[in-house]
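# Descriptive analysis of the structure
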Amino acid sequence: LTELAQKVDETGSLYEGMRESPLFPAYVREMVRLGERLGELENVCHGLATYYEREDNIRKAIRNAVTYPLVLIAMMACVIAVLMTRVLPIFRQVLGEMGEVTWESGSLASLGMGLGYGVLAVLGVLILCLLGLLVWYRVRREQAEAFVYRVFPPLRRLRAMLTAARFANIMEMMLRSGFPLAESMELLDSVFPDAESRRKIETCRNALATGTPFPEAVAQAGIFDPLYSKMVRLGFAAGKTDAVMDKLSQVYETEMDDRIGHLIEPTLVTVLSLIIGAILLAVMLPLASILTTIA
């Protein structure tokens, strides 16, 4: 930041200072450059602050939704590991000390031990897969995202909503600052990392280049749902496109939060129910075998 301040003092331009700094992405630098050229730097910086605040909220929601299940799964794996190494061997020792063991009691004990080891193995594989996916995401983000969306279809809708929210937020900021649509569309590629989102932006850009009105171009690209595309058309006709975009970004962010909760919570409840049921069976079956032997 000190180097940035020195560069701004030397050149009189915030863009020149940011261009040589590794702190700011290309999208922010280009927005600042256009803001300086159009005399709208204050509005641009305010819009960027709002945009990144919303992006941070989205990232936190996704991070919390992913972190919470991972922690619970790891805790369950530790519980099952303790059962397998400490508790169930005691049951087996008790059975051995009781002398003759019937076939039924031995089968129940073996079934409980096998069930516990099976659940532990599944949890271990699941944790390793998730860690591997995180590493893959760090190295090859686009390929990892494409794989996840292909394997888990419900996440495709979440990605489409994220694209719509980002597009609406950015367009509201640019239109409110007085940016021409053509220049605004040229800056969007650096904001959307996945190929599907960039394809939609390219479709919209090409439609605008051929003279298609902005609402029709957005509808052709499939960025918004049909109902919201009609809202864009009405806002464009009334000269309130920026206000409609601001409202749509809020709507999609709210829907994303709800969808993340609806995706994670039922899945989490199902997985935890299965794990807890397996733990109870792993403990109760050897105990039942002891009771059978006593009887």
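Residues numbered from 1 in each chain as written. Predicted model: local features only at pLDDT ≥ 70, side-chain atom pairs only at ≥ 80, totals over all residues. Heavy atoms only, no water.

## A look at the overall build of the protein
Applied cut-off: Strands are runs of DSSP state E lasting at least two residues, helices are runs of H or I lasting at least four, and both sets are numbered from the N terminus onward. Categorising residues by exposure relies on relative accessible area from a 1.4 Å probe, with only protein chains included: less than 20% of the type maximum marks a residue as buried, more than 50% marks it as exposed, and the intermediate range marks it as partly exposed. Contacts are assigned to residue pairs with any non-hydrogen atoms lying within 4.5 Å of each other.
The number of helices and strands found in the protein is twelve helices and zero strands. Going from N to C terminus, the protein has its helices and strands arranged as α-α-α-α-α-α-α-α-α-α-α-α. Burial analysis of the protein (295 residues in total) assigns 37% to the buried set. Looking at the protein alone, contacts between residues at least 24 apart form 64% of all its contacts between residues at least 6 apart.

## What about the nonpolar core?
Threshold: For the purposes of this section, nonpolar cores are sets of buried Ala, Val, Leu, Ile, Met, Phe, Trp, Tyr and Cys residues that join through side-chain atoms within 4.5 Å.
Membership of the largest hydrophobic core comes to 48 residues, with the highest contact counts inside it found for Tyr 27, Met 31, Phe 167 and Phe 224. Breaking this core down by element, the ones donating at least two residues are helix 2 (14-19), helix 3 (26-38), helix 4 (41-97), helix 7 (154-176), helix 9 (195-209), helix 10 (214-221), helix 11 (226-237) and helix 12 (241-294). For this core, the element with the most residues is helix 7, which contributes eleven residues. Counting residues in each nonpolar core, the second largest holds 14 residues, with Ala 77, Ile 275, Ala 278 and Ile 279 among its members.

## Some points on the pattern of salt bridges
This is how the line gets drawn: Here a salt bridge means any side-chain nitrogen of Lys or Arg lying within 4 Å of a carboxyl oxygen belonging to Asp or Glu.
Scanning the model with the defined rule gives five salt bridges in all. Glu 16 is paired through a salt bridge with Arg 19; the nearest N and O atoms lie 2.7 Å apart. Within this pair, Glu 16 and its partner Arg 19 are both found in helix 2, separated by three residues, close to a single helical turn. A relative accessible area of 22% means that Glu 16 is categorised as partly exposed. By relative accessible area, which is 44% here, Arg 19 ends up partly exposed.

## Here's the deal with the confidence of the model for the protein
Applicable threshold: Scored from 0 to 100, pLDDT records how confident the predictor is in each individual residue.
For the protein, per-residue confidence averages 77 on the pLDDT scale, and residues scoring 70 or more make up 82% of the total. Mean pLDDT across the elements of the protein ranges from a minimum in helix 6 (residues 141-151), with 69, to a maximum in helix 11, with 91.

## As for the side chain of Thr 241
For Thr 241, the location among the structural elements is in helix 12. Classification of Thr 241 by relative accessible area gives buried; the value is 10%. If we skip the residues at most four places from it in the chain, Thr 241 touches Leu 175, Phe 214, Gly 235 and Phe 236.

## Some points on the packing of helix 10 against helix 11
Quick reminder of the rule: To get an axis, a line is fitted to the C-alpha atoms, and for a helix only the part in contact is used. The angle between two axes follows their N-to-C directions and goes from 0 to 180 degrees. Angles below 35 degrees are treated as roughly parallel, those above 145 as roughly antiparallel, those between 65 and 115 as roughly perpendicular, and all remaining angles as oblique. For this classification, Asp, Glu, Lys and Arg are treated as charged, while Ala, Val, Leu, Ile, Met, Phe, Trp, Tyr, Cys and Pro are nonpolar and the rest, including Gly, are polar.
For the pair helix 10 and helix 11, the least separation of the axes is 9 Å and the interaxial angle reads 170°. One way to sum up the angle between helix 10 and helix 11 is to call them roughly antiparallel. For the pair helix 10 and helix 11, the contacting residues are Phe 214, Pro 215, Glu 216 and Ala 219 in the first and Ser 229, Val 232, Arg 233 and Phe 236 in the second. Looking at the contact of helix 10 with helix 11 residue by residue, the class counts come to five nonpolar, one polar and two charged.

## Considerations on the packing of aromatic side chains
The condition that has to hold: Classification of ring pairs rests on two measures: the distance between centres of Phe, Tyr or Trp rings, Trp counted by its six-membered ring, which must be within 6.5 Å, and the angle between planes, read as stacked under 30 degrees, edge-to-face over 60 and tilted in between.
The full count for this structure, using the stated rule, is four aromatic pairs. A centroid spacing of 5.9 Å and a plane angle of 25° characterise the contact between Phe 224 and Tyr 252, whose relative ring orientation is stacked. Of this pair, Phe 224 sits in the loop between helix 10 and helix 11 while Tyr 252 sits in helix 12, and the two are 28 residues apart along the sequence. Relative accessible area serves as the criterion here: at 1%, Tyr 252 is assigned to the buried category. Seen from their ring centres, Tyr 228 and Tyr 252 are 5.2 Å apart, and the 75° between their planes marks the pair as edge-to-face. Here the residue Tyr 228 occupies a position in helix 11, and Tyr 252 occupies one in helix 12, the gap between them amounting to 24 residues. Given a relative accessible area of 12%, Tyr 228 falls into the buried group.

## Here's the deal with helix 9
The criterion, for reference: By definition here, a helix of n residues has an expected span of 1.5 Å times n minus one. Here the arc refers to the directions that run from the helix axis out to each C-beta atom.
Look at helix 9: 21 Å from first C-alpha to last across 15 residues, which is about the 21 Å you get at 1.5 Å a residue. Taken residue by residue, helix 9 has Ser 197, Lys 200, Ile 201, Cys 204, Arg 205, Ala 207 and Leu 208 as its buried positions. Buried positions in helix 9, seen along its axis, are confined to an arc of 165° and lie on one side of it. Positive backbone phi, at 95°, marks Gly 211, one or two positions downstream of helix 9.

## Re the environment of Ser 177
Turning to its location among the elements, Ser 177 is positioned in the loop between helix 7 and helix 8 (181-186). Residue class for Ser 177 comes out buried when judged on its relative accessible area of 3%. A sequence separation of 135 residues divides Ser 177 from Glu 42, and the C-alpha atoms of the two residues are 9.0 Å apart. Those residues in contact with Ser 177 that sit more than four places away from it in its chain are Glu 40, Asn 43 and Val 44.

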